[in-house]
Amino acid sequence: MERKKILFVCLGNICRSPLAEAIFKHKLKQRGIEDQFEVDSCGTANYHIGDPPDTRTIANAQRQGITIDHIGRQLQPIDLDYYDLIVAMDKSNLANIFKLQYKEEQIGKITLMREYDPLQNGEEVPDPYYGGEKGFQTVFEILDRSTEALIDKLTSK
């Protein structure tokens, strides 16, 4: 069976997307299906290439029992071919993805994270970078719900 390849995308790849990647991997492991997926994250900007995630993101994840093991990287055109599903955290990064040279057949595999959020309180995962601890917890809760629903959708077929 071919593994499904999922890529989470935010701006700098230090807050939202590495957290989404870590939560998704954690949930896959809990279900015993981690071997069915390949999961990564990246940013549309080049601000944090080679950097670890934001310390506040790491601390928030650790409080929830989740370990983040990621080094920042930037989205590349080849990612559009390689990944089966590319999940942007907000509309700005979705627009940045579409600024890459893409093929018509790739459009259907590019989506927004909150499309999987069962509460759908908004259309975007807010960027917690300039806020306080509450913002990081809010992002964790959104990603926790959304990744759970995404896994359900990907495994129900």
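If you're wondering where the values come from, they're calculated on a predicted model, not measured in any experiment.

## Here's the deal with the packing of helix H1 (residues 16–31) against helix H5 (residues 133–155)
And step 1. Running from amino to carboxyl end, H1 crosses H5 at an angle of 50 degrees, the nearest separation of the two axes being 9 Å. Classified by the angle their axes make, H1 and H5 are oblique. Crossing hand, H1 versus H5: right-handed. Listed contacts from H5 to Arg16, Leu19, Ala20, Ile23, Phe24, Lys27, Leu28 and Arg31 of H1 are Val139, Phe140, Leu143, Asp144, Thr147, Glu148, Leu150, Ile151, Asp152, Leu154 and Thr155.
And step 2. Split by residue class, the contact of H1 with H5 holds eleven nonpolar, two polar and six charged.

## Brief notes about the sheet that holds strand E1 (residues 4–10)
And step 1. The strand order E2-E1-E3-E4 describes an open sheet built from four strands, whose pairing is parallel. Looking at which strands have only one partner, the edges of the open sheet turn out to be strand E2 (37–43) and strand E4 (110–112). Ignoring strand direction, the axes of neighbouring strands in this sheet form an average angle of 25 degrees.
And step 2. Examined bridge by bridge, E1 and E2 share seven bridges and lie parallel to one another. Residue pairing across strands places Phe8 opposite Ser41, the latter belonging to E2.
And step 3. The sheet strands contacting helix H4 (residues 91–98) are E1, strand E3 (85–88) and E4, and the helix crosses E4 at an angle near 170 degrees.
And step 4. Running at roughly 155 degrees to E1, H5 makes contact with E1, E2 and E3 of the sheet.

## Side note on the layout of surface pockets
And step 1. Size it by volume and the largest pocket reaches roughly 150 Å³.
And step 2. The wall of the largest pocket is formed by Cys10, Leu11, Gly12, Asn13, Ile14, Cys15, Arg16, Tyr47, His48, Asp127, Tyr129 and Tyr130.
And step 3. Here the residues of the lining of the largest pocket are counted per class, giving seven nonpolar, three polar and two charged.

## Considering unusual backbone geometry
And step 1. With a phi close to 65 degrees, Asn13 is a non-glycine residue in the positive phi region.
And step 2. When you line up the elements, Asn13 lands in the loop between E1 and H1.
And step 3. Residue classification places Asn13 among the buried residues on the basis of a relative accessible area of 0%.

## Examining the pairing of E1
And step 1. Across the seven residues of E1, six count as buried, placing the element largely inside the fold.
And step 2. Each parallel crossover has a hand, and the one from E1 via H1 to E2 is right-handed.

## Description of the state of the cysteines
And step 1. Applying the stated criterion across every chain, the model contains zero disulfides.
And step 2. Here Cys10 is not cross-linked by a disulfide; its sulfur's nearest cysteine counterpart is in Cys15, at 6.8 Å.
And step 3. Its relative accessible area of 2% is what places Cys10 among the buried residues.

## Notes on the packing of aromatic side chains
And step 1. Throughout the structure, instances matching the rule amount to five aromatic pairs.
And step 2. Centre to centre, the rings of Phe98 and Tyr102 are 5.2 Å apart; their planes meet at 70 degrees, and the pair counts as edge-to-face.
And step 3. Assessed through its relative accessible area of 27%, Phe98 is described here as partly exposed.
And step 4. Through a chain of ring-to-ring contacts, three or more aromatic side chains come together here, namely Phe8, Phe24 and Phe37.
And step 5. In this structure, Lys5 packs its charged tip against the face of Tyr82, placed 5.0 Å from the ring centre.
And step 6. Directly above the ring of Tyr129 sits Arg56, whose terminal nitrogen or CZ lies 5.3 Å from the centroid.

Rules behind the numbers
- For every chain, the first residue of the written sequence is number 1, and numbering continues from 1 along that sequence.
- The model is predicted, so local features are restricted to residues of pLDDT at least 70 and side-chain atom pairs to those at 80 or more, both for listing and for counting; the totals for chains, interfaces and linings are taken over all residues.
- Calculation of side-chain values draws on the structure's entire complement of heavy atoms; hydrogens and water are dropped beforehand.
- For helices, the fitted line uses only the C-alpha atoms of the stretch in contact; every axis is such a line through C-alpha atoms, and the angle between N-to-C directions lies from 0 to 180 degrees.
- Working definition: helices are DSSP H or I runs of at least four residues, strands are E runs of at least two. Numbering for both runs from the N terminus.
- For classification purposes, angles smaller than 35 degrees are called roughly parallel, those larger than 145 roughly antiparallel, those between 65 and 115 roughly perpendicular, and all remaining angles oblique.
- If you view the pair so one helix is near and one far, a crossing is left-handed when the near helix is turned anticlockwise from the far one by less than a right angle, and right-handed when it is turned clockwise.
- Only heavy atoms matter for contacts: two residues are in contact if any of them lie within 4.5 Å across the pair.
- Each residue gets one of three labels, nonpolar for Ala, Val, Leu, Ile, Met, Phe, Trp, Tyr, Cys and Pro, charged for Asp, Glu, Lys and Arg, and polar for the others, Gly among them.
- Criterion used throughout: strands pair if DSSP finds at least two bridges between them.
- Residues are called lining when one of their atoms sits within 4 Å of a cavity or pocket point, these points coming from a 1 Å grid over the protein atoms alone, where a cavity is a set in which a 1.4 Å probe fits but cannot get out and a pocket is an open set with protein on both sides within 12 Å along at least five of seven lines.
- Grid points are joined across faces, edges and corners, and a volume is the space filled by probe spheres set on the points.
- Each residue is placed in one exposure class: buried if its accessible area under a 1.4 Å probe, protein chains only, is under 20% of its type's maximum, exposed if it is over 50%, and partly exposed if it falls in between.
- With the strands pointing away from the viewer, any crossover whose connection runs clockwise from the first strand over the helix to the second is right-handed.
- The disulfide definition used here is simple: a pair of cysteine sulfur atoms within 2.5 Å.
- Pairing of aromatic side chains requires ring centres within 6.5 Å, counting the rings of Phe and Tyr and the six-membered ring of Trp. Pairs whose planes differ by under 30 degrees are stacked, by over 60 edge-to-face, and all others tilted.
- Either the NZ atom of lysine or the CZ atom of arginine qualifies as a charge over a ring when it sits within 6 Å of the ring centre and within 35 degrees of the ring normal.

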